[in-house]
Amino acid sequence: MHVLALGEPLLEFSSVQDRPLDAAEQFSVGFGGDTSNAIVAASRSGASAGYLTRIGDDGFGTALLRLWEREGIDTTHVVREPGGRTGIYFISRDSRSSSFTYYRAGSPSSRLSPQDVPLPAIEAAAALHVSGITQAISTSACDAAFHAMRAARECSTLVSYDPNYRPALWPLERARAVITRSVQLCDVALPNIEEGRLLSERTTPNDVLRWFVALGPRIVLLKMGEQGALLWHKDQISEIPPHPVVPVDSTGAGDAFDGAFLARLVDGDSPVEAARYAAVAGALTTQGHGAVNPIPRRDAILAALHEADGGRQLAGGDSVVIS
C-alpha cells in the first residue's frame, strides 16, 4: 500500500444557496473529514490507499464506506461501531466566506484508540498521514495518532502530518504542545500559513517555515493559498507557484493538496515536482462545492499543469540555499 491515513470522516451537508445556516433551504449531501479527503485525493492521483477509522453502523457510516469502496480505498481496518452515530457537519456560505457547524461529539471516530491501530498495516504502507484534528477531538484519538506515528517511525514508514489547527476544538497552548511534538515525529510537515503564524508566533512566511524546519522534519511544505507554497528540503527553500483559478469553494483544498503531494512523493517524484502537482490539485478542488466531489483526478491535474507550464516538462519552483 502506498498511502495509509488515520482520522475522522464526516458526512457533509452543504447549502446550495449563499445563505446563513438559519436561512438555508436546501443542502447537497457529500463527504468530509480532513484525512478522509486526503486519502481520496491520494487515490484519485493514482496511489493505492487505505483508511483507519471508526464509524457507526448507521446510514451515514454506510455512505462513507461506500464512498471509500468506490474510490478503491482499502477499508479492511475501518471499525464499524454498533449503535454508533457517525459525525456530520453543515456548510453555509455567503458571497465572502463559508461557515461550518459540526455535530461530532461522542462519535465513533472520537473513540479511536491505540487498540484500533493495526501495526502490520502501518508497516506495509509507504506513508502514514495524520492530522491535528484527529488529536483534538478526544484524548484517546490523540493517543491513537501518536501510537501510529511512533509505530511508523519504528518500521521506517514515512510519516506525514498536517496540523490543521482548529481553535474551536482545543486551546492554543495545548494545540501548540501536541502539534510541536507531532512535527518532531514526522518526516513531512504540511502546515498552512494561518495556523503556522498562530503556532509559531512569527509573521513572515520564511520565519514560519523556519520554525517548522527547526523541529526536524525532512520536508516542510507551507501552504499559502493563492500565494502558492514554500517548500523546504535538504537545506533549500523552493517557491511553489500558485495555480491561477477563481475559487468557488475552498472546502477541503488543503486536504486535497496533502493527498496529491503524498501520492506523487511515494511514486518517486521529487518533493518539488510533487509540490507543483499538489498546488494544481488544491486549486482545482476549489472549482466546485463541497470537500470531495471537486477533488480532481490525476489526468486532469497533469493536463492543467502541462497547460500552465506552456507544455514544458513538469518541474519545480526557484530554489535558494538557506543561509
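That block above? That's the structure.
Residues numbered from 1 in each chain as written. Predicted model: local features only at pLDDT ≥ 70, side-chain atom pairs only at ≥ 80, totals over all residues. Heavy atoms only, no water.

Novice: What is the right way to read the overall build of the protein chain from this model?
Specialist: Along its length, the protein chain carries 11 helices and 15 strands. Projecting the C-alpha coordinates of the protein chain onto the three principal axes gives extents of approximately 55 × 45 × 35 Å. Burial statistics for the protein chain: of 323 residues in total, 58% are counted as buried. Split by element, the accessible area of the protein chain, about 13600 Å² in all, is 49% carbon and sulfur. Taking the 28 positively charged and 37 negatively charged side chains of the protein chain as two groups, their mean positions are separated by 2 Å. (Helix = DSSP H or I, 4+ residues; strand = E, 2+ residues; numbered from the N terminus. Buried < 20%, exposed > 50% of the residue type's maximum accessible area, 1.4 Å probe, protein only. Areas by Shrake-Rupley, 256 points an atom, 1.4 Å probe, with all protein chains shown as cover. Lys, Arg positive; Asp, Glu negative; His and termini not counted. Charge placed at Lys NZ, Arg CZ, Asp CG, Glu CD.)

Novice: How should I be thinking about unusual backbone geometry in this particular structure?
Specialist: Leaving glycine aside, a negative phi is the common case for residues, and trans is the common case for peptide bonds. Even without being glycine, Ser-156 reaches a positive phi, approximately 65°. Counting through the fold element by element, Ser-156 comes out in the loop between helix 5 (139–154) and strand 10 (158–162). What makes Ser-156 exposed here is its relative accessible area of 69%. Despite not being glycine, Asn-164 shows a phi value in the positive range, around 40°. Residue placement: Asn-164 occurs in the loop between strand 10 and helix 6 (172–185).

Novice: Just checking my understanding: could you explain the environment of Gly-196 for this structure?
Specialist: Relative to the assigned elements, Gly-196 resides in helix 7 (residues 193–200). You can call Gly-196 buried: its relative accessible area is 0%. Note: C-alpha distance between Gly-196 and Val-208 (12 residues apart in sequence) is 5.9 Å. In this view, Gly-196 contacts Glu-201, Val-208 and Phe-212; residues no more than four positions away in its chain are not counted. (Contact = heavy atoms within 4.5 Å.)

Novice: I would appreciate a short explanation of the sheet that holds strand 8 (residues 98–103) in the present structure.
Specialist: The strands that make up a sheet are held in pairs by hydrogen bonds between backbone atoms, and each pair lies either parallel or antiparallel. As summarised here, the arrangement of the four strands in space is 3-2-7-8, forming an open sheet in which the pairing is mixed. Every interior strand has two partners, whereas the edge strands, strand 3 (27–32) and strand 8, have only one. Along the sheet, successive strands turn relative to each other by an average axial angle of 25°, direction set aside. Of the strands in this sheet, strand 2 (10–15), strand 3 and strand 7 (88–93) are in contact with helix 2 (residues 59–70), which crosses strand 2 at around 95°. (Pairing = 2+ DSSP bridges. Axes fitted to C-alpha atoms, helices over the stretch in contact; angles between N-to-C directions.)

Novice: Can you walk me through the side chain of Thr-157 in this structure?
Specialist: Of note, Thr-157 is situated in the loop between helix 5 and strand 10. Every residue in contact with Thr-157, bar those within four places of it in the chain, is listed here: Ile-122, Glu-123, Ala-125, Ala-126, Ala-127, Leu-128, Ala-152 and Asp-187.

Novice: I'm lost on the nonpolar core in this one. Help?
Specialist: Nonpolar side chains tend toward joint burial in soluble globular proteins. By size, the foremost hydrophobic cluster in this structure holds 50 residues, and its most contacted members are Trp-68, Leu-221, Ile-240 and Phe-261. Per-element tally for this core: the top contributor is helix 10 (residues 271–285), with nine residues. Those residues in contact with Phe-261, other than ones at most four positions away along the chain, are Val-188, Leu-190, Ile-219, Leu-221, Pro-271, Ala-274, Ala-275 and Ala-278. Membership of the second largest hydrophobic core comes to 47 residues, among which are Tyr-161, Val-178, Ala-189 and Val-220. (Core = buried A, V, L, I, M, F, W, Y, C linked by side-chain atoms within 4.5 Å.)

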